[in-house]
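Residue-level listing of the chains:
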Amino acid sequence: MANYNLKINGKSHNVDVEDDTPLLWVLRDHLGMVGTKFSCGIAQCGACTVHLDGKATFSCVTPISSVGNSEVTTIEGLSEKGDHPVQKAWEEVDVAQCGYCQAGQIMTAAAFLEQNPSPSMEEIDNAMNRNICRCGTYHKIREAVALAAKSK
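Residues numbered from 1 in each chain as written. Predicted model: local features only at pLDDT ≥ 70, side-chain atom pairs only at ≥ 80, totals over all residues. Heavy atoms only, no water.

Draft legend 1. Seen up close, the side chain of Asn-131. Looking at the secondary structure, you find Asn-131 in the loop between helix 5 (121-128) and helix 6 (138-151). Side-chain polar atoms of Asn-131 contact the backbone oxygen of Gly-104, separated by 3.2 Å. A polar contact of 3.0 Å, which involves the side chain of Asn-131, links it to the side chain of Thr-108. Leave out the neighbours within four places in its chain, and Asn-131 touches Cys-45, Gly-46, Thr-49, Gly-104, Gln-105, Thr-108 and Tyr-138. (Helix = DSSP H or I, 4+ residues; strand = E, 2+ residues; numbered from the N terminus. Polar contact = N/O pair within 3.5 Å; in protein donor to acceptor, adjacent residues only side chain to side chain. Contact = heavy atoms within 4.5 Å.)

Draft legend 2. Spatial organisation of the environment of Gly-77. Within the secondary structure, Gly-77 is located in helix 2 (residues 75-78). For Gly-77, a relative accessible area of 31% puts it in the partly exposed group. Remark: the alpha-carbon pair of Gly-77 and Arg-134, spanning 57 residues in sequence, is separated by 25 Å. (Buried < 20%, exposed > 50% of the residue type's maximum accessible area, 1.4 Å probe, protein only.)

Draft legend 3. Region of the structure containing the nonpolar core. Membership of the largest hydrophobic core comes to 24 residues, with the highest contact counts inside it found for Val-86, Trp-90, Leu-113, Ile-141 and Val-145. Those elements that place two or more of their residues in this core are helix 2, helix 3 (85-93), helix 4 (102-115), helix 5 and helix 6. Looking at this core element by element, the count peaks at seven residues for helix 4. In this structure Ile-141 touches Trp-90, Val-95, Gln-105, Met-128 and Cys-133, once residues within four positions along its chain are discounted. (Core = buried A, V, L, I, M, F, W, Y, C linked by side-chain atoms within 4.5 Å.)

Draft legend 4. Main features of the packing of helix 5 against helix 6. At a closest axis distance of 10 Å, the pairing of helix 5 and helix 6 adopts a crossing angle of 115°. Along this stretch, helix 5 crosses helix 6, giving a crossing that reads as right-handed. For the pair formed by helix 5 and helix 6, the contact residues are Met-121, Ile-124, Asp-125 and Met-128 on the first element and Ile-141, Arg-142, Val-145 and Ala-146 on the second. Taken together, the residues of the contact of helix 5 with helix 6 break down into six nonpolar, no polar and two charged. (Axes fitted to C-alpha atoms, helices over the stretch in contact; angles between N-to-C directions. Left-handed = near helix turned anticlockwise from the far one by under 90°. Nonpolar A, V, L, I, M, F, W, Y, C, P; charged D, E, K, R; others polar.)

Set out below in structure tokens:
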């Protein structure tokens, strides 16, 4: 086991884990941050999306040894009061059905809008296409990302 000093949501956390432990399991099992979800475990669904230095990253396949000094942001750290423009748009559009994919969808959208604050609908579709919604709320997700872009 190795000791890692991680920067997560603006705070330092020390963990003793194996080098190949996925970031997802460090967050959920070792630090109790369960907003980031496990679904596929093979980087195919996006439910586990977090930000590494502002970039959307699948935490289920990111070994803790690769995190280094990167700043990790989880859904818990996106905004203190749940008032990030994407979160507000999600609520206004009433995107969630079962809600399981929502943290990953929101984290992907937030990172995307930081890079492209005025996207076209096609750009939104392309940015969000790696995140799966089993309930099929893609039209609402698209609408919420567009609304968040307008409110930024």
